[in-house]
Amino acid sequence: MPSAPGGPRLLLRRLREIMAEPVGAQDRLDKIVVLIAANMVAEVCSVYVLRGDGVLELFATEGLNREAVHQTTMRSGEGLVGLIASTAEPLSLSDAQSHPSFSYKPETGEEIYHAFLGVPLLRAGNTLGVVVVQNRTYRVYTDEEMEALQVTAMVLAEMVATGELQALAPLETGSALRRPLHQRGVSLADGVGLGHVVLHEPRVVVKNLIAENIEAELKRLDESIGDVRAWIDDLLDHGDVAHHGEHREVLETFRMFAHDQGWLRRMREAVISGLTAEAAVERVQSDNRARMMRQTDPYLRERLHDLDDLANRLLNRLVGRDMAAERGSLPDNAIIVARSMGPAALLDYDRSRLRGLVLEEGGPTSHIAIVARALGIPAVGEVANATALTETGDAIIVDGATGDVQIRPTPEVEASYAEKARLRARRQEQYRKLRDVPSVTKDGRAVTLQLNAGLLVDLPHLEETGAEGIGLFRTELQFMIAERMPTAGEQQNLYASVFAETGDQPVTFRTLDIGGDKILPYMQSIEEENPALGWRAIRIGLDRPGLLRMQLRALLKAAAGRPLKIMFPMVATCDEFIRAKEIVEREKAHLDRHGHPLPSDLKLGAMLEVPSLLFQIEEICAAADFISVGSNDLMQFLFAIDRENRRVADRFDPLSAPMLRALKMVVDAADGACCQATVCGEIGGRPLEAMALIGLGFRSLSMSPASIGPVKAMLLKTDAAAVGALIREELQQAGGGDSLRPKLARFAKTHGIPV
Ligand code: PEP
Ligand code: MG
């Protein structure tokens, strides 16, 4: 059986010679296919390039009919070549013609060949084409031959990427690398952003592929692995994990991979086959990426992603790149594309140049989404493979309202989005005009509209929107973006700055809502089966009161002489609220004894997020000064739907009868007890939902800054009593889980209410 006589090493040496020859692109490619065929004792070697229009075109062949070059084409997914391009995986067959995907192209004359080996041309995760060898016999290609062809494919991919081969393609089709792509993710933060891609952790594109000196390359590889291992050990040993944006768990995985003998062996073998150290890392990583795309188990996929991150760090070290310096020099109109990102990393970027954010992960209630909304940056999450589909500098459009992402848009698409952005700006201008208009319904009910905030960067929105204070200050954000636990002094400083910025406007601080998905990277995390139902929020506060006491003291001190409102998250029973209240009273007495000025007025509230509290609604309204409905969590627990799980998160409608009945119970009981009731979950910021809340009797809503204008525009045109009557009537009739959305939407339409 014939096999590669020279192996990858000889092949690479010859390839280097051909690459150095001063010949045209077609000649070079023709020589390469002859070389590969000879080296692998194959009768056929063909190269297909993926064009910008998604079509694979035969660019060169040894063995097939040469007339077919630049004539034979196939779609990605069509035939064996198309299959390889669409799966980004090699394919080895002893009898190609019996494969179900085989499609016969008569002009090529390939009917006499049986054995088939094809591998994708991959570069930084993108498929740019396919290289194929074929034999007449029914033979099985060896692993060494597969490796030789994969190594060659890297060189060919580089030829495609550098544009050398593009000159051979019709101009209008261009390269797959530059193909316009439309992706759909989930909306994280509203707004339209047009700009250019900046990869958050840019993937290194390896250009120097063929080793001059294999011993020297092995040494470079070993040294870099040593450096990366030392870096991980150092971070883990010194506990300064959050500073580098890493979570301990990820670093532990990094450490495991950095010592994984299989991974190291494969990279060393790739160097021995003739690649540079960086090309060897990339070569092994291509296989890993292909596995990643196939993997459906979320845990394993996550681990493969971690390995991808680690390989990228290794590449950065090998090519001597300084990622931190690159982050500092952001171009204008930057749209950050990342796999995932913590809130601190986003805040590191120069905000004045940020136009958008695209993430492969991150649901709408994730903290990066909250920070993006606070900064007013259009953001889309859950865009599969976004980092592999884009390159730094690519034109890109983010539509945060719909979740659409346009990568390398055509001029027509770009023009239509530019128009959309202009329209939005005009609408924003109209909302700005409403800024000083009192927020009173058509039938004269005043409704207080407040902001949700959590960072100092949120506070300028008060002035811009004309909101009447802050209805939810998420204090955990300071903890989540910090490198270590904020000290009592730092907490007090932040709260004092909030008071200084808000002037006479009221602020409701929520005590630390940590645990569940809100993990502090510097705190030992506890493995829990169901973190959303686990040890979190007020539960931690009551079990370990040290942290809660420190925070309460910081709040009381910062509020000296001013009114202060504090509320507790995730209260499940009235008793929990009373115990929390006692802790506040004790802290207050302590400060008083030590001569500290106290707040001029202190109001304590409970968040209603856990359905059990609905069944103690009278008691909690009697005990608390106010109730704030956290509808994000209330929906989660009422319907038993994980708010972070896209499969189920939108399964039930907040405007359905069960939720509206729950909300009505709250507002009715609060009215009866003269206890104020507000809503601070996301539903308060959506005009149609807010219309229903006002109809139910809520007179205070807290929402993200961008929602103030639309909600105010809605309520100015709303007759609260009429909406209330409609809801009451419908709730009496609605059986099961009927949604009132269609009825409410119709009501809004017929009454000219903008929702
Ligand atoms: C809520 O649950 O509705 C809420 C406002 O709190 P968070 O989104 O921070 O959990
Ligand atoms: Mg909540």
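Numbers given for residues are sequential positions, taken from 1 along each chain in its written order. In the order they appear in the text, chains get letters beginning with A and ligands get numbers beginning with 1. Local features are withheld for residues below a pLDDT of 70 in this predicted model, meaning they are given only at 70 or higher, and side-chain atom pairs are given and counted only at 80 or more; totals for whole chains, interfaces and linings count all residues. In computing side-chain properties, one takes all heavy atoms of the structure into account and sets aside hydrogens as well as water.

Coordination sphere of the magnesium ion (ligand 2), protein contribution only: E609 (OE) and D633 (OD), at 2.0 Å. Taken as a pair, E609 in the loop between strand 19 (601–608) and helix 21 (617–623) and D633 in helix 22 (residues 631–638) lie far apart in primary sequence, 24 residues in all. Both residues of the pair, E609 and D633, belong to the buried class. Listed donors are limited to N, O and S atoms within 2.8 Å of the metal, widened to 3.2 Å for Na, K and Ca; water is not among them, so incomplete-looking sites are possible. To qualify as a helix, a DSSP run of H or I must reach at least 4 residues; to qualify as a strand, a run of E must reach at least 2; elements of each kind are numbered from the N terminus. Note on classification: 1.4 Å probe, protein chains only; a residue is buried when its accessible area is under 20% of the maximum for its type, exposed when over 50%, partly exposed between these limits.

If you check the domain split of the chain, you get domain 1 (7–168), domain 2 (181–201 + 325–417), domain 3 (214–319) and domain 4 (441–750). The source of the domain bounds is an automatic or database domain assignment. When each unit is reduced to the centre of its C-alpha atoms, the spacing between domain 3 and domain 4 is 43 Å.

So, about the sheet that holds strand 14 (residues 404–407). Through backbone hydrogen bonds, the strands of a sheet pair up, either in parallel or in antiparallel fashion. Strand order in the open sheet made by the 8 strands is 7-14-13-9-10-11-12-8, with mixed pairing throughout. Both outer strands of the open sheet, strand 7 (181–184) and strand 8 (186–189), are each paired with one neighbouring strand and no more. Ignoring which end each strand starts from, the neighbouring axes of this sheet average 30° apart. Two strands make a pair as long as DSSP finds a minimum of two bridges between them. The pairing of strand 9 (residues 192–199) with strand 13 (residues 395–399) spans 5 bridges and is classified as antiparallel. Bridged to G193 within strand 13 is V398. The axes used here are C-alpha line fits, helices contributing only the stretch in contact, and every angle between their N-to-C directions lies in the interval 0 to 180 degrees.

Okay, the site of ligand 1 next. Here a residue counts as near a molecule or strand whenever at least one of its heavy atoms sits within 4 Å of it. Among the 14 residues in the neighbourhood of ligand 1, the closest are listed as R474, R510, E609, N632 and R643. For the purposes of these results, a polar contact is taken to be a pair of N or O atoms within 3.5 Å, where, inside protein, one atom must be able to donate a hydrogen and its partner to accept one; residues adjacent in sequence count only when each atom of the pair is a side-chain atom. Here an oxygen atom of ligand 1 sits 2.9 Å away from a polar atom, N or O, in the side chain of R643. Reported accessibility uses the Shrake-Rupley method at a 1.4 Å probe radius. Residues are deemed covered only where the shown protein chains occlude them. In the complex, 99% of the free accessible area of ligand 1, which totals 290 Å², lies under the protein chains. Elements with a minimum of two residues in the shell around ligand 1: strand 16 (470–474) and helix 22. The dominant element in the shell around ligand 1, judged by the number of residues it contributes, is helix 22, at 3 residues. Polar here means any residue outside two lists: the nonpolar Ala, Val, Leu, Ile, Met, Phe, Trp, Tyr, Cys and Pro, and the charged Asp, Glu, Lys and Arg; Gly therefore counts as polar. Residue classes in the shell around ligand 1 are distributed as 3 nonpolar, 4 polar and 7 charged.

With that settled, consider the nonpolar core. One finds M341, L357, F568, F698 and L744 to be the most contacted residues of the largest nonpolar core, which totals 127 residues. The dominant element in this core, judged by the number of residues it contributes, is helix 24 (residues 657–672), at 9 residues. Taken together, domain 2 (181–201 + 325–417) and domain 4 (441–750) each give at least three residues to this core, which thus spans both. Working definition of a nonpolar core: buried Ala, Val, Leu, Ile, Met, Phe, Trp, Tyr and Cys residues. They are joined through side-chain atoms within 4.5 Å. Counting 73 residues, the second-largest nonpolar core is a separate cluster that includes L15, I18, A211 and L314.

Let us now look at helix 24. Multiply 1.5 Å by the residue count of a helix minus one, and that product is the helix's expected span. Compared with the 22 Å implied by 1.5 Å per residue over 16 residues, the 22 Å span of helix 24 between its first and last C-alpha is a close match. Count one or two residues on from helix 24 and you reach C674, which has phi positive near 55°.

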